[in-house]
There are 2 protein chains.
Amino acid sequence: MTYCVGLMLDKGLVLMSDTRTNSGVDNISVFRKMVSWSVPGERIITLMTAGNLATTQSVISRLEERSKAPEDRQNSLMELSTMFQVACEVGRLLRETIAETQEDNGPKGSGRFTASIILAGQIKGMEPRLFMIYPEGNFIEASFDTPFFQIGETKYGRPILIRGYDRDMSFEDAVKLLMVSFDSTLKANLSVGLPLDLLVLERDRFSPSHERRIEVTDPYFTEISSSWSDALRSAFQSLPDYSFDQVGSST
Amino acid sequence: MTYCVGLMLDKGLVLMSDTRTNSGVDNISVFRKMVSWSVPGERIITLMTAGNLATTQSVISRLEERSKAPEDRQNSLMELSTMFQVACEVGRLLRETIAETQEDNGPKGSGRFTASIILAGQIKGMEPRLFMIYPEGNFIEASFDTPFFQIGETKYGRPILIRGYDRDMSFEDAVKLLMVSFDSTLKANLSVGLPLDLLVLERDRFSPSHERRIEVTDPYFTEISSSWSDALRSAFQSLPDYSFDQVGSST
């Protein structure tokens, strides 16, 4: 499994992904699921991937044309003129990659090779954009009605995102919110694991304004994880008490 | 879908279930998923069900021998001498019910008619017991290492249970905790819906010490739902701030 979240804020985009892949609980590895390309000052494009690792790595490799000699490669993501075109291209490659593998493996393979992708980025002269691309190759775009996308193991970390998100929050608060959401997921599901990758894309900057890997020993993440337990307990205690006597009435 | 939780506390057992069933989003109904039988002073046994409604209703009907005339019926749950025997009997009926329906509907029906059951109760002279019964008819029993079971749409409401549970908490706090867990689930998944059924089984009491339906208009639940948003935001604000400057260090 996997957990990746892309948040759209007024100030820009904040992305976080875990790095655990597994094929059974006895076969876990660390793989980067966030890939970024930029033309400084002109565009930045980031993908986060969930699903079959061979599929998602193949999509990335095709985007970078790794089948060709380095000097012949042309990453089309660097040349397409809109984020919509980028989403179409990534969707097409994703759909084709899945279709080829499933065909090679007969109908029994159906469903085994699927993947989903969150696409985020901005091209100069246009707004920052956030897309969710499905295995079928089609996609949806975030708006401030639905300002974030999650892929992978999405449920444990969703309630805090729903309650904590605010479109005008600072990047710092957004990172804190994502860390809480990831911590809830990590505590509940072994198939999501540290380290995490974090990327902040400030509007009109066209290069990462903040990018780092949050390791297992990261002191801030460790502090968030332990403080959140205490903070949640305090929050819980602050709620009005239930009373068996005054059934149906608030205290 | 469904959401049911059974909590094991030092003081006894607390059970909560939703009442929404659906067959597509355009076909939703309210059905009770919690059923209780008791011999006052001697035993109380409660089931909560998730899964195919025809299957779970059939299991309940078979337990109560509704195929017989009322005067000939013998609810075996009222006579078995241990909760373990009760779990075996419920498991057997569940497995048989699923197997019959799947057989009648050919191999294509496989998986469509499954259900899971949480069994809770106490028989005089023995401890309160909490079981999770699988569609295969086998089951596991809760202990204070894993003191609660969830069935149905379990993920959204799990993080707060993990953080908020305490085996020596009061019944009132346990009800509050369950309400928060249900509220998180209700906010995230349309297939779980109010009203909720609540049952508190105090140790050695052998009759419900508190039992009620929490309706859509319930003032306490409404207050919890709105206060929890505020409390979570305060909890979130109370966490140490992330800083882009002091990367990797806590503030």
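Just so it is clear, the model here is predicted, and its values are computed rather than measured.

Turning our eyes to something else, we now look at the overall build of chain A. Of regular secondary structure, chain A possesses five helices and 12 strands. The principal-axis extents of the C-alpha atoms in chain A amount to approximately 75 × 45 × 35 Å. By residue count, 52% of the 251 residues in chain A fall in the buried class. Expressed as a percentage of contacts within chain A between residues at least 6 apart in sequence, the contacts between residues at least 24 apart total 62%. In the form shown here, chain A has an accessible surface area of approximately 10,700 Å², with 48% of it arising from carbon and sulfur atoms.

This part takes up the sheet that holds strand β8 (residues 129–133) of chain B. Residue and element names in this part refer to chain B. Spatially, β5-β6-β7-β8-β9 is the arrangement adopted by the five strands of the open sheet, whose pairing is antiparallel. Strands at the two margins of the open sheet, each flanked by one partner only, are β5 (34–39) and β9 (139–141). Along the sheet, successive strands turn relative to each other by an average axial angle of 15 degrees, direction set aside. As judged from the three bridges shared by β8 and β9, these two strands associate in the antiparallel manner. Along β9, the bridge assignment pairs Phe-131 with Glu-141.

Turning our attention to the side chain of Thr-21 of chain B. Residues and elements named next belong to chain B. With respect to the helices and strands, the residue Thr-21 is situated in strand β3 (residues 20–22). In this structure Thr-21 comes out as buried when scored by relative accessible area, which is 14%. Not counting chain neighbours up to four residues away, the residues in contact with Thr-21 comprise Asn-27, Ile-28, Ser-29, Phe-31, Lys-33 and Leu-53.

All names here are of chain B. Counted at 1.5 Å a residue, the expected span for helix α2 (residues 83–104) with its 22 residues is 32 Å, and the 32 Å between its end C-alpha atoms agrees. Within the span of α2, buried status applies to Met-83, Val-86, Ala-87, Glu-89, Val-90, Gly-91, Leu-93, Leu-94, Thr-97, Ile-98 and Gln-102. Turning to α2, the residues buried within the fold contact β6 (43–51), α1 (53–63), β7 (115–123), β8 and β9.

On inspection of all chains with the given rule, the structure shows 12 aromatic pairs over all chains. Centroid distance Tyr-242 of chain A to Tyr-220 of chain B: 5.1 Å. Interplanar angle 65 degrees. Geometry classified as edge-to-face. On the criterion of chain membership, the pair formed by Tyr-242 of chain A in the segment after α5 (219–238) and Tyr-220 of chain B in helix α5 (residues 219–238) is interchain, its members lying in two chains. Residue Tyr-242 of chain A is classed as buried on the basis of its relative accessible area, which comes to 4%. Classification of Tyr-220 of chain B as buried rests on a relative accessible area of 1%. Taking 6.1 Å as the distance between ring centres and 55 degrees as the angle between the ring planes, the aromatic pair formed by Phe-148 of chain B and Tyr-165 of chain B counts as tilted. Taken together, the residues span a long stretch of sequence, with Phe-148 of chain B in strand β10 (residues 148–152) and Tyr-165 of chain B in the loop between α3 (158–164) and α4 (171–188) at a distance of 17 residues. Given the relative accessible area of 10%, Phe-148 of chain B is considered buried. Three or more aromatic residues joined by ring pairs make a cluster, and in this case those are Phe-84, Phe-131 and Phe-139 of chain A. The ring of Phe-236 of chain A has Lys-176 of chain B sitting right over it, with the charged end atom 4.9 Å from the ring centre.

Facing the 53 residues of chain A at the interface are 53 residues of chain B. Summing the contributions of chain A and of chain B, the shared interface buries around 4,900 Å²; its carbon and sulfur component is 64%. Of all residues in chain A, the largest losses of buried area upon contact with chain B belong to Arg-163, Phe-236 and Tyr-242 of chain A, amounting jointly to 20% of the total for that side. For the pair chain A and chain B, the interface holds eight salt bridges. We note a salt bridge from Asp-241 of chain B to Lys-176 of chain A, for which the minimum N-O separation is 3.0 Å. Going through the elements one at a time, α3 (158–164), α4 (171–188), β11 (196–202), β12 (210–214) and α5 of chain A are the ones with two or more residues in the side of chain A that touches chain B.

Before going further, it helps to spend a moment on the nonpolar core. Val-14, Met-179 and Trp-228 of chain A together with Val-14, Met-179 and Trp-228 of chain B are the most contacted members of the largest nonpolar core, which has 73 residues in total. When sequence neighbours within four positions are dropped, the list of residues in contact with Trp-228 of chain A reads Ile-160, Val-180, Ser-184 and Glu-223 of chain A together with Arg-163, Leu-232, Ala-235, Phe-236 and Leu-239 of chain B. Grouped together as the second largest cluster of nonpolar side chains are 21 residues, Leu-63, Leu-94, Ile-117 and Leu-119 of chain A included.

Turning to the pairing of strand β2 (residues 12–17) of chain A, a few remarks are in order. Residue and element names in this part refer to chain A. With six of six residues buried, β2 lies mostly within the body of the structure. Pairing analysis gives five bridges linking strand β1 (residues 3–8) to β2, with the strands arranged antiparallel. Bridged to Cys-4 within β2 is Ser-17. Linking β1 back to β2 in an antiparallel pair, the connection comprises three residues. Where β2 lies against β11, six bridges are found, and the strand directions are antiparallel. Bridge assignment links Leu-13 to a residue of β11, and that residue is Leu-201.

Further remarks concern the pairing of strand β6 (residues 43–51) of chain A. All names here are of chain A. Burial analysis of β6 places eight of its nine residues in the buried class, the great majority of the element. Of the strand pairs in this sheet, strand β5 (residues 34–39) and β6 are connected by six bridges, and their pairing is antiparallel. Its bridge partner being in β6, Val-35 is matched across the sheet by Leu-47. Here β5 folds back onto β6 in antiparallel fashion, the turn holding three residues, of which Gly-41 has a positive phi close to 85 degrees.

A separate point is the relation of the copies chain A and chain B. Each of the two copies of the chain can be brought onto the other by a rotation about an axis and a shift along it. When chain A is brought onto chain B, the operation consists of a screw motion whose angular component is 180 degrees and whose axial shift is 0.0 Å, with 0.0 Å RMSD remaining. Here the transformation between the copies is reduced to the relation of a two-fold axis. Of the C-alpha atoms belonging to chain A, the one lying closest to the rotation axis is found on Tyr-156 of chain A, 2.4 Å away. An overlap of 100% is found between the interface residues of chain A and their copies at the interface of chain B, pointing to a shared contact surface.

Note: most residues except glycine have negative phi, and most peptide bonds are trans. In the segment running from Leu-194 of chain A into Pro-195 of chain A, the intervening peptide bond is cis, with an omega of -5 degrees. Following the sequence through the fold, Pro-195 of chain A ends up in the loop between α4 and β11. The phi dihedral of Asp-204 of chain B is positive, around 60 degrees, even though this residue is not glycine. Mapping Asp-204 of chain B onto the fold places it in the loop between β11 (196–202) and β12 (210–214). For Phe-206 of chain B, which is not glycine, the phi torsion reads 60 degrees and is therefore positive. Classification of Phe-206 of chain B as buried rests on a relative accessible area of 5%.

Reading the values: the criteria
Residues numbered from 1 in each chain as written. Chains lettered and ligands numbered in written order. Predicted model: local features only at pLDDT ≥ 70, side-chain atom pairs only at ≥ 80, totals over all residues. Heavy atoms only, no water. Helix = DSSP H or I, 4+ residues; strand = E, 2+ residues; numbered from the N terminus. Buried < 20%, exposed > 50% of the residue type's maximum accessible area, 1.4 Å probe, protein only. Contact = heavy atoms within 4.5 Å. Areas by Shrake-Rupley, 256 points an atom, 1.4 Å probe, with all protein chains shown as cover. Pairing = 2+ DSSP bridges. Axes fitted to C-alpha atoms, helices over the stretch in contact; angles between N-to-C directions. Expected span 1.5 Å × (residues − 1). Phe/Tyr/Trp six-rings, centres within 6.5 Å; stacked < 30°, edge-to-face > 60°. Lys NZ or Arg CZ within 6 Å of the ring centre and 35° of its normal. Buried area = accessible area lost by both parts, 1.4 Å probe. Salt bridge = Lys/Arg side-chain N within 4 Å of Asp/Glu carboxyl O. Core = buried A, V, L, I, M, F, W, Y, C linked by side-chain atoms within 4.5 Å. Least-squares fit on C-alpha atoms with pLDDT ≥ 70 in both.

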